[in-house]
Amino acid sequence: MKLNFHPLTPARWADFEKLFGKNGACAGCWCMWSRLTAAEYRQGQGARNKKAMRALVNSGEIPGILAYAGREAVGWCSVAPREAFPRLEHSRTLKRLDDKPVWSVTCFFVRKDYRDKGMTVALLEAASRYAKSKGGRIVEGYPVDWGDKRWPDAWAWTGFVGAFRRAGFTEVARPAKARPILRRVMHRA
């Protein structure tokens, strides 16, 4: 699978919008779940979340990266410094482990015909390279770990622990039975 990866910028908004479709990826999320408080998120589901993401992109902030197969966006990974995600910053389960600056991977969305083909691993590798290019040294993720159980794709938006491990991440904490925290340390070139 030949893929190219690009940061989400205003010039790529139409690609992001097409990938997320009329439902905004999952129930009108538009990848705003970790960027808003619970109340703000619920109030914004749908059009308001889309508008908030577009404003974020138009402000010049890069909220993540898109995976392309040819000219079509087929995957998405939200990656940014942890401070960009208020929901994480206030989470009891996924609270900060230490005072080290980390980049957080909070969400994935993969077009249906590209699922179960290693896309999450490819997105994690690209997200790690992107974070490193911006000075990030530690990339952190919060996948789910349900053991051998198969869950619906809609529940996989934070990724699965196996994909993180295949992308070079190591478990550093497990604040809840099914919620490990994994990190990848990016070494200087």
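Residues numbered from 1 in each chain as written. Predicted model: local features only at pLDDT ≥ 70, side-chain atom pairs only at ≥ 80, totals over all residues. Heavy atoms only, no water.

**Quick look at the side chain of Arg183**
Logical step 1: Of note, Arg183 is situated in strand S7 (residues 179-185).
Logical step 2: A residue is classified by how much of its surface remains accessible, and Arg183, at 10% relative accessible area, is buried.
Logical step 3: Within the structure, the side chain of Arg183 is placed 3.0 Å from the side chain of Asp98, a separation counted as a polar contact.
Logical step 4: Residues in contact with Arg183, not counting those within four places in the same chain, are Leu97, Asp98, Lys100, Val102, Ile138, Val139, Glu140, Gly168, Phe169, Thr170 and Val172. (Helix = DSSP H or I, 4+ residues; strand = E, 2+ residues; numbered from the N terminus. Buried < 20%, exposed > 50% of the residue type's maximum accessible area, 1.4 Å probe, protein only. Polar contact = N/O pair within 3.5 Å; in protein donor to acceptor, adjacent residues only side chain to side chain. Contact = heavy atoms within 4.5 Å.)

**So, the pattern of salt bridges**
Logical step 1: The final tally for this structure, using the stated rule, is 14 salt bridges.
Logical step 2: Two residues, Glu89 and Arg82, come together in a salt bridge whose shortest N-O distance is 2.6 Å.
Logical step 3: Residue Glu89 is classed as partly exposed on the basis of its relative accessible area, which comes to 32%.
Logical step 4: When its relative accessible area of 1% is taken as the criterion, Arg82 is described as buried.
Logical step 5: Connected through salt bridges with shared partners, the residues Arg82, Glu83, Glu89, Arg96, Asp98, Glu140 and Arg183 form a single ionic network. (Salt bridge = Lys/Arg side-chain N within 4 Å of Asp/Glu carboxyl O.)

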